[in-house]
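Here is what each chain is made of, one letter per residue.
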Amino acid sequence: MDWQSRPRCDETPAWRALGAHAAAHFSGPQAFDLRQAFAQDPARPWHLAVQGPHVYADLSRALIDAPARALLLRLAEECGLAAHRDAMLAGQHVNVSEDRPALHPLMRWPAESPHPLENLRQIQRQSASELSNMLSFAEQVRAQGRFDDVVHIGIGGSDLGPRLALQALAPDILPDAPRVHFVANMDGHELAGVLGRLRSATRTLFVLASKSFGTAETLRNAQSARDWFLAQGGPPQALAEHFVALTARPDLARALGAGRCFTFPEGVGGRLSLWSVIGLPVALAVGSAGFRALLAGAHAMDQHFAQAPLSANLPVQLGLLDVWYRNFLHFPSRCVVPYHHGLRRLPAYLQQLEMESNGKRVDARGRAVPFDTAPVIWGEEGSGAQHAFFQLLHQGTRVVPVEFVAVRRAAHDLPEHQARLLANALAQARALMLGHTDENPQRCFPGNRPSIFLLLDRLTPASLGALIALHEHRMFTSGSLWGLNSFDQWGVELGKRHSLAIEQALNQGDCSGLDPATAHLLALLTQPPPQDDPR
Ligand code: F6P
């Protein structure tokens with residue numbers, strides 16, 4: 001099937017059959033119940049296990065049955081998912097609104113083997129050479145011991161991936177690595193806090209990470225960092241040595257005074273750019289070998305996504321479950337709870353990945369979609385989350401599917417902690433599913449609340465790479481069935497435009513032209529503090 005003329009999910013017979021199946025078996029008094037499903041099929045954990053590279057998924061506690069799974073596979077086939085995936089991996093312009101390919105899988109193609117496709121070979125060669133320059137630079141910085149501190153300035157995709165990776169790979173950080181700090185926010189408290197912790201301007205490297213080099217937060221923070229460097233006595237002629245850029249627009253970065261620029265292609269989406277030179281802080285911390293292992297783990301997941309049959313394809317199976325939950329069981333959100341401190345930023349990372357990619361109400365052909373798309377992604381690390389929002393998960397009025405991410409072997413040697421942590425994760429899933437009956441209604445738990453487990457053996461660069469790539473392809477799968485272009489993000493533009501107008505009004509003290517709600521708050525925010533303010 002040609003990927004450009006494939007039908008959208010709601011135009012297929014499988015979609016209608018799924019609707020009928022959900023109505024007949026997943027609503028009303030006879031609705032599917034996990035406790036009965038396990039009673040009828042105790043081998044459910046084996047039947048609903050999917051193994052991908054580095055990641056094992058236990059889907060046995062998902063609210064799904066064998067006929068729904070079979071119909072979802074039919075849906076994927078009728079929607080031409082495989083043709084769309086192949087087109088994406090072959091560098092075709094699947095980002096139709098921007099007329100670009102989606103090149104993130106190419107960034108982790110092994111440097112030593114030329115890409116089999118002629119159209120991608122040249123870009124691969126260039127990107128591999130940029131990446132290798134970036135990695136050599138990282139090695140050099142560490143070997144020379146020239147910098148004590150590195151400040152990575154970037155936001156969204158230019159921040160979340162490196163930040164997540166550095167936290168996740170904390171035990172792999174090399175002893176001679178400089179301290180890496182992140183600054184993303186327009187709020188000066190973040191930059192001021194980091195600047196206050198630096199040892200000295202002359203021993204600090206600033207990394208300006210921005211694909212577009214036009215993002216207001218990054219440009220403001222870069223300018224303030226530069227001002228600070230000079231104010232601290234940093235010599236102006238040393239600016240180029242202390243400011244490097246990671247970008248698809250080296251022209252703009254140089255115009256702003258960055259010295260070395262490491263580049264990546266426009267076809268790599270910001271939220272999918274960890275694998276490109278945007279990974280510099282990760283390479284500085286864990287070294288080239290660690291960074292290459294991250295890429296290798298992600299590449300293994302790419303190969304699995306490209307080759308495994310859809311029925312045993314981990315990203316596809318998760319993406320299909322997402323469609324089932326969103327469109328047929330109508331769950332508005334998905335809660336991600338990593339039971340590993342290193343993965344505490346995973347929910348934030350997945351929020352951008354899923355909600356910026358698939359949070360859309362118009363399909364790739366510009367037609368309004370008559371069904372729901374991306375769920376709200378939220379979450380927090382376990383076990384802390386148990387003492388915050390698990391109450392609602394167990395006894396709240398709405399069902400929220402929970403996604404546990406657990407790691408079998410810890411990097412610390414406190415075995416009692418690891419056993420307890422894993423026991424907590426298992427206990428929560430069990431309690432959600434089994435529920436509890438009690439004479440006192442306050443103490444009743446309805447049960448039949450769904451969850452899945454994603455299991456890693458250890459959290460390593462390779463398994464982290466695979467875990468993140470898994471979610472990229474999962475997002476592609478649901479977006480593909482929904483008929484979306486998952487690679488643009490027009491929805492973030494309007495707020496940016498408004499903020500320029502409001503800033504202008506703020507600076508000029510003139511609210512005319514603003515709506516009354518904005519003008520009212522602006523007046524309150526710009527009022528001088530009262531005379532008797534003790535501060
Ligand atoms: O505003 C959204 C966005 O464009 C994201 O897609 C992107 O990750 C982020 O801003 C940062 O963009 P850039 O890397 O171009 O500064």
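Scroll up a little and you will see the structure.
Below: a short report on this structure.

Thresholds, definitions, all that
The numbering scheme is per chain: residues are counted from 1 as the chain's sequence reads. For this predicted model, a pLDDT threshold of at least 70 governs which residues receive local features, and a threshold of 80 or more governs which side-chain atom pairs are given and counted, while totals over whole chains, interfaces and linings are taken from all residues. The side-chain figures draw on all heavy atoms in the structure; neither hydrogens nor water molecules are used. Every definition here rests on a 1 Å grid over the protein atoms only: cavities are sets of points where a 1.4 Å probe fits but cannot get out, pockets are open sets enclosed by protein on both sides within 12 Å along at least five of seven lines, and lining residues have some atom within 4 Å of a point. Grid points are joined across faces, edges and corners, and a volume is the space filled by probe spheres set on the points. Each helix corresponds to a stretch of at least 4 residues labelled H or I by DSSP, and each strand to a stretch of at least 2 residues labelled E; elements are numbered beginning at the N terminus. In the scheme used here, Gly and all other residues not listed as nonpolar or charged are polar, with Ala, Val, Leu, Ile, Met, Phe, Trp, Tyr, Cys and Pro taken as nonpolar and Asp, Glu, Lys and Arg as charged. Think of it in three bands: with a 1.4 Å probe and only protein chains considered, a residue is buried below 20% of the maximum accessible area for its type, exposed above 50%, and partly exposed in between. Throughout, a contact is declared for two residues whenever any of their heavy atoms are within 4.5 Å. One bridge is not enough; two strands pair if DSSP finds at least two bridges between them. Taken from the helix axis, the directions to the C-beta atoms give the arc we talk about. The patch calculation keeps residues exceeding 30% relative accessible area without a salt bridge and links them within 9 Å when they carry like charges or within 5 Å when they are nonpolar (Val, Leu, Ile, Met, Phe, Trp, Tyr). The method behind every accessible area is Shrake-Rupley, applied with a 1.4 Å probe, and residues are considered shielded solely by the protein chains displayed. Salt bridges are identified by distance alone: a Lys or Arg side-chain nitrogen within 4 Å of an Asp or Glu carboxyl oxygen. Consider each residue's heavy atoms; a residue with any of them within 4 Å of a molecule or strand counts as near. The definition of a polar contact used here is a pair of N or O atoms within 3.5 Å, where within protein one atom must be able to donate a hydrogen and the other to accept one, and adjacent residues in sequence count solely through side-chain atom pairs. Only the stretch in contact is used when a helix axis is fitted, and all axes are lines through C-alpha atoms; the angle between N-to-C directions ranges over 0 to 180 degrees. Any angle between 65 and 115 degrees counts as roughly perpendicular, while under 35 counts as roughly parallel, over 145 as roughly antiparallel, and the rest as oblique. By convention, the crossing between two helices is left-handed when the near helix turns anticlockwise from the far helix through less than a right angle, and right-handed when the turn is clockwise. Geometry of aromatic contacts follows a simple scheme: Phe, Tyr and Trp rings, the Trp one being its six-membered ring, pair when their centres are within 6.5 Å, and the pair is stacked under 30 degrees between planes, edge-to-face over 60, tilted otherwise.

### What to know about empty space enclosed by the protein
Point 1. Per the counting criterion, the structure on display carries five cavities of 30 Å³ or more.
Point 2. Computed from the structure, the largest cavity encloses a volume of approximately 140 Å³.
Point 3. Taken together, 14 residues line the largest cavity, and the ones lying closest to its centre are Asp322, Tyr325, Ser333, Arg334 and Pro401.
Point 4. Those elements that place two or more of their residues in the lining of the largest cavity are helix H14 (314-328), strand S8 (333-339), strand S10 (402-409) and strand S11 (451-458).
Point 5. Here the lining of the largest cavity is composed, by residue class, of seven nonpolar, two polar and five charged.
Point 6. Space inside the second largest cavity adds up to approximately 70 Å³.
Point 7. Together, Leu48, Leu59, Ala62, Ile64, Arg69, Leu72, Gln317, Leu320 and Leu321 line the second largest cavity.
Point 8. Considering each element in turn, the lining of the second largest cavity owes the most residues, three residues, to H14.
Point 9. A breakdown of the residues in the lining of the second largest cavity according to their chemical character gives seven nonpolar, one polar and one charged.

### Observations regarding unusual backbone geometry
Point 1. Following glycine 382, the chain continues into serine 383 via a peptide bond in cis, with omega recorded as 10 degrees.
Point 2. In this structure, aspartate 99 is a non-glycine residue whose phi angle is positive, near 50 degrees.
Point 3. Inspection of the secondary structure puts aspartate 99 in the loop between helix H5 (81-89) and helix H6 (104-107).
Point 4. Even without being a glycine, histidine 330 presents a positive backbone phi close to 60 degrees.
Point 5. For histidine 330, the position within the fold is in the loop between H14 and S8.

### Examining the side chain of asparagine 221
Point 1. Mapped onto the elements of the fold, asparagine 221 is located in helix H10 (residues 216-231).
Point 2. A residue is classified by how much of its surface remains accessible, and asparagine 221, at 3% relative accessible area, is buried.
Point 3. Once residues lying within four places of it in the same chain are set aside, the contact partners of asparagine 221 are Ile153, Val183, Ala184, Asn185 and Leu191.

### Observations regarding the pairing of strand S5 (residues 204-209)
Point 1. For S5, the tally of buried residues reaches six of six residues, placing the bulk of the element in the interior.
Point 2. Of the two faces of S5, the one holding Thr204, Phe206 and Leu208 and the one holding Leu205, Val207 and Ala209 are both buried throughout.
Point 3. The pairing of strand S3 (residues 149-153) with S5 spans five bridges and is parallel. Within S5, the position partnered with histidine 152 by the bridge is valine 207.
Point 4. Of the strand pairs in this sheet, S5 and strand S6 (residues 243-247) are connected by four bridges, and their pairing is parallel. By the bridge assignment for S6, leucine 208 is matched with alanine 245.

### As for H5
Point 1. For H5, the complete set of buried residues consists of Leu81, His84, Arg85, Ala87 and Met88. Along the long axis of H5, the arc covered by the buried residues comes to 160 degrees, so they all point the same way.
Point 2. On its buried face, H5 sits against helix H4 (66-78), H6, helix H13 (280-307), H14 and helix H18 (461-481).
Point 3. Downstream of H5 by one or two residues, glycine 91 has phi in the positive range, about 80 degrees.

### Looking at a nonpolar patch on the surface
Point 1. On the surface, Leu521, Leu524 and Leu525 cluster together into a nonpolar patch covering about 330 Å² of accessible area.
Point 2. Along the chain, the position of leucine 524 falls in helix H20 (residues 516-526).

### Brief notes about the site of the ligand
Point 1. In the vicinity of the ligand, 15 residues are found, and the nearest of them are Ser158, Ser210, Ser212, Thr215 and Glu356.
Point 2. Between serine 210 and the ligand, the recorded distance is 2.6 Å, taken from a side-chain N or O atom to an oxygen atom.
Point 3. The backbone of lysine 211 places a nitrogen or oxygen atom 2.8 Å from an oxygen atom of the ligand.
Point 4. Within the complex, 88% of the 390 Å² of free accessible area of the ligand lies under protein.

### Some details on the packing of H5 against H18
Point 1. Contact geometry of H5 with H18 gives a least axis separation of 10 Å together with a crossing angle of 125 degrees. Taken together, the axis directions place H5 and H18 in an arrangement best described as oblique. The two elements H5 and H18 meet at a crossing, and its hand is right-handed. Contacts between H5 and H18 involve Leu81, His84, Arg85 and Met88 from the former and His473, Phe476, Thr477, Ser480 and Leu481 from the latter.
Point 2. Of the residues assigned to the contact of H5 with H18, the class counts are four nonpolar, four polar and one charged.

### A word on the packing of aromatic side chains
Point 1. Within this structure, the stated rule accounts for 17 aromatic pairs.
Point 2. The interplanar angle of 55 degrees and the centroid separation of 5.4 Å between the aromatic rings of tryptophan 15 and phenylalanine 371 together place this pair among those described as tilted. In this pair, tryptophan 15 sits in helix H1 (residues 13-25) while phenylalanine 371 sits in the loop between helix H15 (346-358) and strand S9 (376-379), placing the two residues 356 residues apart along the sequence.
Point 3. Look at tryptophan 15 and you get buried, because its relative accessible area is 13%.
Point 4. Taken together, a centroid distance of 5.9 Å and an interplanar angle of 40 degrees make the contact between tyrosine 339 and phenylalanine 404 tilted. With tyrosine 339 in strand S8 and phenylalanine 404 in strand S10, this pair connects stretches of sequence that are 65 residues apart.
Point 5. With relative accessibility at 1%, the residue tyrosine 339 sits in the buried group.
Point 6. Classification of phenylalanine 404 as buried rests on a relative accessible area of 0%.
Point 7. Taken together, Trp15, Phe26, Phe32, Trp324, Phe328 and Phe371 form an aromatic cluster joined through their ring pairs.

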